Amino acid sequence: MIIHSAVQLKDQIIQVGKKLVDAQLVVGTWGNISCRVPNHKNYHITPSGMIYHQLKSEDIVTMNFAGEVVEGDRKPSSEFILHQEIYKARSDVGAIVHTHSNYACSFAVAQERIPPVLEEAAQLIGGPVEVARYAPPGSLKLAIHGVRALENRNAVLLANHGVVAVGRSLEEAFTVAVLVEKLAQVFLNAKSLGTAHVLNDVETKNLRESFLKHYGQSKK
Ligand SMILES: [Zn+2]
């Protein structure tokens, strides 16, 4: 189903928020979610510090790329600059999910990248999850470091902070967020067993390309 209307997109953001809490990728009101408004230089984003399970579509804030609220009475997420700068840098990104999930945060704290040790990570993330240099939350510096470390892949770690997952749709960005957590856990487990074998650059590139070309149902 292709979702177009603003209310449908806002409702989908709320559903993803509830799933993040239920999957324990965030606790309390931490984390944030956004999606691009089709054919506009705007995006919808979760409000600052509100409980996901209590959100209503009118609580979702619509912003432009100049950092101005164009619709909604709530204060936007304090990380809106990060979302804004990713949308400006990556025209292929349709949605962003930011989490503070445990295993991925362990790598963010160790400031250690998570390599593509699973095929699904190579397919969906497109390479390693690098660590963006530390900067205070909500700052333009954090957004700049985040965009730089993300490059053309679909996930990045923010040092001592959390995960940014991106995708073509909200569904895909959510799946990336879940996958980053799984990847971090599997990599750590594999290292504790002995050697964690990493897919090399060619294998990763081939998996990514074949996923983009062939995976899923073709559009009619
Ligand atoms: Zn955060």
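Given the structure is predicted, the values throughout are model-derived calculations rather than measurements.

**Q** What should I look at first to understand the coordination of the zinc ion in this one?
**A** In an ideal octahedron of six donors the angles at the metal are 90 or 180 degrees, and in an ideal tetrahedron of four donors they are 109.5 degrees. Looking at the zinc ion, one finds its protein donor set to be His98 (NE2), His100 (NE2) and His161 (NE2), positioned 2.0 to 2.1 Å from the metal centre. All donors to the zinc ion come from one chain, and their sequence spacing reads H-x1-H-x60-H. Of this pair, histidine 98 sits in strand S5 (residues 95-99) while histidine 161 sits in the loop between strand S7 (155-158) and strand S8 (162-167), and the two are 63 residues apart along the sequence. Assessed through its relative accessible area of 1%, histidine 98 is described here as buried. Given the relative accessible area of 16%, histidine 161 is considered buried.

**Q** Explain helix H2 (residues 80-89) here, please?
**A** Owing to its 3.6 residues per turn, the α-helix brings residues three or four apart onto one side. Counting buried residues in H2 gives eight out of ten residues, a clear majority hidden from the surface. The complete set of buried residues in H2 reads Phe80, Ile81, Leu82, His83, Gln84, Glu85, Ile86 and Tyr87.

**Q** Would you take a moment to explain the UniProt feature "domain: Class II aldolase/adducin N-terminal" (unreviewed entry) in the protein chain for this structure?
**A** In this numbering, the UniProt entry assigns the feature "domain: Class II aldolase/adducin N-terminal" (unreviewed entry) to residues 11-188. Structurally, residues 11-188 comprises 38% helix and 19% strand, and the distance from its first C-alpha atom to its last is 35 Å.

**Q** What's the story with the packing of aromatic side chains in this structure? I'm lost.
**A** Any two aromatic rings considered together are summarised by their centre-to-centre distance and by the angle between their planes. Considering all chains together, one arrives at five aromatic pairs under this definition. Here phenylalanine 65 and tyrosine 87 contribute two aromatic rings whose centre-to-centre distance is 6.2 Å and whose plane-to-plane angle is 15 degrees, an arrangement assigned as stacked. On the criterion of sequence distance, the pair formed by phenylalanine 65 in the loop between strand S3 (61-64) and strand S4 (69-71) and tyrosine 87 in helix H2 is long-range, its members being 22 residues apart. Judged on exposure class, the residue phenylalanine 65 and its partner tyrosine 87 are both buried. The rings of Tyr43, Phe65 and Tyr87 are connected pair by pair, giving a single aromatic cluster.

**Q** Just to check I follow, could you spell out the sheet that holds strand S1 (residues 32-36) for this structure?
**A** The strands making up a sheet associate through hydrogen bonds between their backbones, and the pairing can be parallel or antiparallel. What the eight strands build is an open sheet, ordered S4-S3-S2-S1-S5-S8-S7-S6; its pairing is mixed. Of all the strands in the sheet, the pair left with one neighbour each is S4 and strand S6 (130-132). Put simply, the sheet's adjacent strands are angled 30 degrees from each other on average, direction ignored. As paired strands, S3 and S4 are joined by two bridges and run antiparallel to one another. Opposite threonine 62, over in S4, you have glutamate 71 as the bridge partner. Running over the sheet, helix H3 (residues 102-110) touches S7 and S8 and is turned about 60 degrees from S7.

**Q** How should unusual backbone geometry be read in this particular structure?
**A** Peptide bonds are mostly trans, and most non-glycine residues show a negative phi. Even without a glycine there, the phi angle at glutamate 151 is positive, about 50 degrees. Mapping glutamate 151 onto the fold places it in the loop between helix H5 (140-150) and S7. In the Ramachandran plot, asparagine 160 falls in the positive-phi region, its phi being about 55 degrees despite a non-glycine side chain. Along the chain, asparagine 160 turns up in the loop between S7 and S8.

So, how was this worked out
In every chain, residue numbers begin from 1 and rise along the written sequence. Given that this is a predicted model, residues contribute local features only at a pLDDT of at least 70 and side-chain atom pairs are listed and counted only at 80 or more, while totals for whole chains, interfaces and linings are drawn from all residues. Each side-chain value is worked out from all heavy atoms of the structure, with water and hydrogens disregarded. Only nitrogen, oxygen and sulfur atoms qualify as donors, provided they sit within 2.8 Å of the metal or within 3.2 Å for Na, K and Ca; with water excluded from the atoms, sites may seem incomplete. Each helix is a run of DSSP H or I of at least 4 residues and each strand a run of E of at least 2, with the numbering of both proceeding from the N terminus. For each residue, the accessible area found with a 1.4 Å probe, counting protein chains only, is set against the maximum for its type, and the residue is called buried under 20%, exposed over 50%, and partly exposed in between. UniProt positions are given in the numbering used here, feature names are shortened, and annotations may be inferred rather than shown by experiment. Centre distance within 6.5 Å is the pairing criterion for rings of Phe, Tyr and Trp, where only the six-membered ring of Trp is used; planes under 30 degrees apart are then read as stacked, over 60 as edge-to-face, and the remainder as tilted. Strand pairing follows a simple DSSP-based rule, namely that at least 2 bridges must link the two strands. Note on definitions: angles span 0 to 180 degrees between N-to-C directions of axes, and those axes are lines fitted to C-alpha atoms, for helices only across the stretch in contact. Contact definition: two residues touch when any of their heavy atoms are within 4.5 Å.

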